[in-house]
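Chain by chain, the residues:
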Amino acid sequence: NFNHVKAVTAHRESVRGLSFSSSDLKFASCSDDTTIKIWDFKRGVSEQTLAGHGSDVKAVDWHPAKALVASGSKDGVAKLWDPKNNKCV
């Protein structure tokens, strides 16, 4: 049974991907607005915005064992982020 849990206004443009952390306490979203956002799942609020791609972000994935997020953009660049300090590593 799939029930609607919560809806949030996430980005200024289309959302292209979602990925949950291994703990399921946080998730990441990516968008055509060139950003990745880190969310608190329980509260439904954005905790951080990761910016640095030069074009639409088309993919995002949370590392299964480490607190790192990978993203891929239309600009041809893949980035690895540390959301704890809001930086590309």
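Computed from a prediction, not measured in an experiment: that's the story for all the values here.

Criteria and cut-off values
Residues numbered from 1 in each chain as written. Predicted model: local features only at pLDDT ≥ 70, side-chain atom pairs only at ≥ 80, totals over all residues. Heavy atoms only, no water. Pairing = 2+ DSSP bridges. Helix = DSSP H or I, 4+ residues; strand = E, 2+ residues; numbered from the N terminus. Axes fitted to C-alpha atoms, helices over the stretch in contact; angles between N-to-C directions. Phe/Tyr/Trp six-rings, centres within 6.5 Å; stacked < 30°, edge-to-face > 60°.

1. Here's the deal with the sheet that holds strand β4 (residues 45-51)
- Ordered in space as β1-β2-β3-β4, the four strands form an open sheet in which the pairing is antiparallel. For this open sheet the edge positions go to β1 (15-20) and β4, each flanked by a neighbour on one side alone. On average, each strand axis in the sheet is tilted by 20° relative to the strand beside it, whichever way the strands run.
- Sheet topology places strand β2 (residues 26-31) next to strand β3 (residues 35-40); five bridges connect them, and they run antiparallel.

2. Looking at the packing of aromatic side chains
- Per the stated rule, a full pass over the model turns up four aromatic pairs.
- Summarising the aromatic geometry, the rings of Phe-20 and Phe-27 are spaced 5.3 Å apart at their centres and angled 35° between planes, so their arrangement reads as tilted.
- Consider the rings of Phe-27 and Phe-41, whose centres lie 6.2 Å apart with planes at 75°: the pair is edge-to-face. With Phe-27 in strand β2 and Phe-41 in the loop between β3 and β4, the pair connects residues that are 14 residues apart, well separated along the chain.
- Each residue in the set Phe-20, Phe-27, Trp-39 and Phe-41 is aromatic and connected to the rest through ring pairs, giving one cluster.

None of the figures reported here should be taken as evidence of function without further support.
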